[in-house]
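Residue-level structural notes
The lines below spell out each chain.
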Amino acid sequence: MDSWPYLLLIIVGGVALPVQAGVNAQLAGRTGDAIRAALISFVVGALGLAIVALIRGGSGPGLTTLVRIPWWLWIGGLLGGMYVFFTIVSAPKLGAATLVAAGVTGQAIASIALDNFGWAGFVRHPVTPGRLAGMALLLLGLILVRRF
């Protein structure tokens, strides 16, 4: 399977994250509240997704399917909201580079655990010395970005 298209998608998504953090932090300044700014961001995002879903057509899951979904599969939106709120609060204090370096480091730490144990539906990929070395380099990168 050719993974290049997916890598490019994530790179583009990664480009969007610091821009989103800066825009949302400015929105928080204008609205006077980080929670309201995060809410506005999610409402606009939900409207955008709703428009795409309507254009795409098709039918969604029925109520029977929705009530059978395990509770923990519903927390993705809460985790996204938490992340957006944390970036709104942190972006003005850290700057874009430190914000993203810290976020990537946190994502990598969680990813190694998710892969190692096969949590959240990921295929198991055991922790290896190479992965630990990569994590050490990410931590070093965070320190260097923050310090200089």
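Coordinates for the structure precede this section.
As the structure is a computational prediction, the values presented were derived from the model and not from experiment.

Here we come to unusual backbone geometry. Excluding glycine, a negative phi dihedral is what most residues carry, and trans is how most peptide bonds are arranged. Despite not being glycine, Ala120 has its phi angle at roughly 60 degrees, a positive value. Relative to the helices and strands, Ala120 resides in the loop between α5 (96-117) and α6 (129-147).

This part covers the packing of helix α1 (residues 4-31) against helix α2 (residues 34-56). Remark: α1 packs on α2, axes separated minimally by 8 Å, with the N-to-C direction vectors making an angle of 125 degrees. By the angle between their axes, α1 is oblique relative to α2. In the packing of α1 onto α2, the handedness of the crossing is right-handed. In this structure, α1 uses Gln20, Asn24, Leu27, Ala28 and Thr31 to contact α2, whose residues at the interface are Ala34, Arg36, Ala37, Ile40 and Ser41. Residues belonging to the contact of α1 with α2 are distributed by class as follows: five nonpolar, four polar and one charged.

Over its 23 residues, α2 runs 33 Å from end to end, which matches the ideal 33 Å to within 8%, given 1.5 Å per residue. Considered for burial, the residues of α2 that qualify are Ala34, Ala37, Ala38 and Ser41. Contacts made by the buried residues of α2 are with α1 and α4 (76-94). At the N-terminal boundary of α2, the capping side chain belongs to Asp33, with an oxygen 3.5 Å from the backbone nitrogen of Ile35. Directly beyond the C-terminal end of α2, a positive phi value near 75 degrees is found at Gly57.

This brings us to the nonpolar core. Core analysis: the largest hydrophobic core is formed by six residues, namely Ala28, Ala34, Ala37, Ala38, Val84 and Ile88. At the level of elements, α2 and α4 are the ones that each hand at least two residues to this core. When residues in this core are grouped by element, the largest group, three residues, is from α2. When neighbours within four sequence positions are excluded, Ala37 is seen to be in contact with Asn24, Leu27, Ala28, Thr31 and Ile88.

Take the packing of α5 against α6 next. Packing of α5 against α6 leaves a shortest axis separation of 9 Å and a crossing angle of 160 degrees. On the basis of their axis angle, the class for α5 and α6 is roughly antiparallel. Here α5 runs over α6; the crossing is left-handed. When α5 is examined against α6, the residues Ala97, Thr98, Ala101, Ala102, Val104, Thr105, Ala108, Ile109, Ile112 and Asp115 are found in contact with a partner set consisting of Arg131, Met135, Leu138, Leu139, Leu142, Val145 and Arg146.

Right, let's get into the environment of Ala108. By the secondary structure assignment, Ala108 is in helix α5. Remark: the alpha-carbon pair of Ala108 and Ile69, spanning 39 residues in sequence, is separated by 27 Å. Non-local contacts of Ala108, meaning those with residues more than four positions away in its chain, are made with Met135 and Leu138.

Here we come to the packing of aromatic side chains. Within the structure shown, the criterion is met by two aromatic pairs. Plain terms: the ring middles of Phe85 and Phe86 are 6.1 Å apart, the flat faces sit at 55 degrees to each other, and that makes the pair tilted. With 4.6 Å between their ring centres and 20 degrees between their planes, Phe117 and Trp119 make a pair best called stacked. Among the residues examined, Phe117 registers a relative accessible area of 47% and is labelled partly exposed.

The rules behind these values
- Residues numbered from 1 in each chain as written.
- Predicted model: local features only at pLDDT ≥ 70, side-chain atom pairs only at ≥ 80, totals over all residues.
- Heavy atoms only, no water.
- Helix = DSSP H or I, 4+ residues; strand = E, 2+ residues; numbered from the N terminus.
- Axes fitted to C-alpha atoms, helices over the stretch in contact; angles between N-to-C directions.
- Parallel < 35°, antiparallel > 145°, perpendicular 65-115°, else oblique.
- Left-handed = near helix turned anticlockwise from the far one by under 90°.
- Contact = heavy atoms within 4.5 Å.
- Nonpolar A, V, L, I, M, F, W, Y, C, P; charged D, E, K, R; others polar.
- Expected span 1.5 Å × (residues − 1).
- Buried < 20%, exposed > 50% of the residue type's maximum accessible area, 1.4 Å probe, protein only.
- Polar contact = N/O pair within 3.5 Å; in protein donor to acceptor, adjacent residues only side chain to side chain.
- Core = buried A, V, L, I, M, F, W, Y, C linked by side-chain atoms within 4.5 Å.
- Phe/Tyr/Trp six-rings, centres within 6.5 Å; stacked < 30°, edge-to-face > 60°.

Take it as geometry only, folks, not as evidence of what the structure does.
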